[in-house]
Amino acid sequence: MVLMDKTTRRHRWDTKFSPYAYVTPYFLIFGVFGLFPLLYTIWVSLQHRNLLDEGGAYLVWFDNYATLFADPYFWNSMGNTLSLWMLTTVPQILFALGIAALLNRKVRTRTLFRMGVILPNITSVAAVTIIFAQLFGRDFGLVNWVLDLFGAGQIDWQAGTATSHIAIAVMVVWRWTGYHALIFLASMQAISPSLYEAATLDGASGWQQFWRITVPLLRPQIIFTTIIATTGNMRLLAEPLLFNPGAAAATGGSDRQFQTAALYLYEQGFTKYDFGYSSAIAVVLAIATIIVAGFGYLVTKRIQTD
């Protein structure tokens, strides 16, 4: 009887406390590598902390934020960030949907094509950016050579705001479209074929089936990929940094025409060593990313509902 009571008590304790033991490692890792850096960044953003100053760090409270909101370079970088977000997120989702629909058909060597679409994503971002920078080169770039064949003339892709944004957007879209396409493809394969058979009997074309059946059933995945793409595209750093390598790489061009907010953070923190100011940029950028991601979620949900 005593042994049974002990066994029952252990089972009760196991049922009550074991779920907390299972999730504790996650919260410990998140606390050390997620929550603590976030809180510490907020704390540093309230200080004047420049490694070049001999006086050390001291509290200035919200002075960094006041300076930041009056900084034209910061607003320029935010404008570039939003522009690149629009030029990268929307094409990524649309191209990914189209590629996934093609890969979902019964074609020869489709497994090879499915493996191929993920290759750009596993390629080093530095290698991708350097290669694309050569492709978009002003004098000897392949893109300008093709344009010159059609009489369009040569374009200095790095010099202009619009042209540099297009070039960087092409890099990002090329690298991440396959990743989103595989997510859509996996979801498409879970759709019951009977839905398409019924639509075919009703006289629906392939295009109508895609927009009336496939896309609505992919709504959760479209929302997920939109949020993932937004969070990634709002903090672009490597692509604009390596697109114009050299001493002025951190400024994003001679006129800061493609300097993103993340690149401006890099300039302030790792070239001017002003970690208080760069931490304030990081906090504002994180808040802006949440707002833009929420906006993208609402727009995607509204379009899907309509």
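Residues numbered from 1 in each chain as written. Predicted model: local features only at pLDDT ≥ 70, side-chain atom pairs only at ≥ 80, totals over all residues. Heavy atoms only, no water.

- An unreviewed UniProt entry annotates the protein as Cellobiose transport system permease protein originating from Lentzea fradiae.
- UniProt, in the comment section headed Subcellular location (unreviewed entry), describes the protein in these words: "Cell membrane".
- Listed under Sequence similarities (unreviewed entry) in UniProt, the entry text for the protein is "Belongs to the binding-protein-dependent transport system permease family." (UniProt positions renumbered as here; feature names shortened; annotations may be inferred.)

## A short note on the confidence of the model for the protein
Close reading of the predicted structure is inappropriate where its pLDDT is low.
Phase 1: Residue-level pLDDT values for the protein average 85, and 94% of them are 70 or greater.
Phase 2: Least confident of the elements in the protein is helix 4 (residues 110-116), whose mean pLDDT is 76; most confident is helix 2 (residues 63-69), at 92. (pLDDT = per-residue confidence, 0-100. Helix = DSSP H or I, 4+ residues; strand = E, 2+ residues; numbered from the N terminus.)

## A look at the pattern of salt bridges
Opposite charge on two side chains lets them pair, provided their charged atoms get close.
Phase 1: Using the criterion set out here, one finds four salt bridges in the structure.
Phase 2: Across the pair D156 and R138 runs a salt bridge whose closest N-O atoms are separated by 3.8 Å. Of this pair, D156 sits in the loop between helix 7 (142-149) and helix 8 (161-188) while R138 sits in the loop between helix 6 (125-135) and helix 7; the two residues are 18 residues apart in sequence, bridging distant segments of the chain.
Phase 3: Owing to a relative accessible area of 46%, R138 belongs among the partly exposed residues under this scheme.
Phase 4: Between R256 and E267 there is a salt bridge, with the nearest N and O atoms lying 2.9 Å from each other. Linking R256 in the loop between helix 12 (238-243) and helix 13 (261-270) with E267 in helix 13, this pair joins segments that are eleven residues apart in sequence.
Phase 5: The buried category is assigned to E267, whose relative accessible area is 4%. (Salt bridge = Lys/Arg side-chain N within 4 Å of Asp/Glu carboxyl O. Buried < 20%, exposed > 50% of the residue type's maximum accessible area, 1.4 Å probe, protein only.)

## Quick notes on helix 8
Phase 1: Look at helix 8: 38 Å from first C-alpha to last across 28 residues, which is about the 40 Å you get at 1.5 Å a residue.
Phase 2: The largest bend in helix 8 amounts to roughly 35 degrees and is located at W176. (Expected span 1.5 Å × (residues − 1). Bend = angle between axes of the 7 residues up to and from the residue.)

## So, the side chain of T214
Phase 1: Of note, T214 is situated in helix 10 (residues 206-217).
Phase 2: Once residues lying within four places of it in the same chain are set aside, the contact partners of T214 are M188, I191, Y196 and Q209. (Contact = heavy atoms within 4.5 Å.)

## Focus: the UniProt feature "transmembrane region" (unreviewed entry) in the protein
Phase 1: UniProt tags residues 20-43, 82-103, 115-137, 157-174 and 275-299 as "transmembrane region" (unreviewed entry).
Phase 2: Structurally, residues 20-43 is divided into 100% helix and 0% strand, and its ends, taken at the C-alpha atoms, are 30 Å apart.

## What about the packing of aromatic side chains?
Phase 1: The full count for this structure, using the stated rule, is 17 aromatic pairs.
Phase 2: Geometrically, the ring pair formed by F74 and W75 is edge-to-face, given 5.2 Å between the ring centres and 65 degrees between the ring planes.
Phase 3: On the accessibility criterion, W75 (46% relative accessible area) is partly exposed.
Phase 4: Put simply, the rings of F132, F136, W157 and W174 pair up and form one aromatic cluster.
Phase 5: When the ring centre of Y73 is taken as origin, the NZ or CZ atom of R256, which lies over that ring, is 4.0 Å away. (Phe/Tyr/Trp six-rings, centres within 6.5 Å; stacked < 30°, edge-to-face > 60°. Lys NZ or Arg CZ within 6 Å of the ring centre and 35° of its normal.)

## So, unusual backbone geometry
Phase 1: You will see that W61, though not glycine, has its phi angle at about 60 degrees, which is positive.
Phase 2: Within the element layout of this structure, W61 appears in the loop between strand 2 (58-59) and helix 2.
Phase 3: The phi angle at Y273 is positive, at roughly 60 degrees, despite the residue not being glycine.
Phase 4: With respect to the secondary-structure elements, Y273 resides in the loop between helix 13 and helix 14 (275-305).

## Some words on the nonpolar core
Phase 1: In terms of nonpolar packing, the biggest core is built from 18 residues, with Y65, L68, F74, M78 and I281 touching the most fellow members.
Phase 2: Looking at this core, the elements with two or more residues in it are helix 2, helix 3 (72-103), helix 13 and helix 14.
Phase 3: In terms of residue count, the dominant contributor to this core is helix 14 (eight residues).
Phase 4: Beyond its immediate stretch of four places on either side in the chain, F74 contacts L68, Y264, I281 and V284.
Phase 5: Of all hydrophobic cores here, the second largest spans 14 residues; its members include L97, A181, V215 and I222. (Core = buried A, V, L, I, M, F, W, Y, C linked by side-chain atoms within 4.5 Å.)

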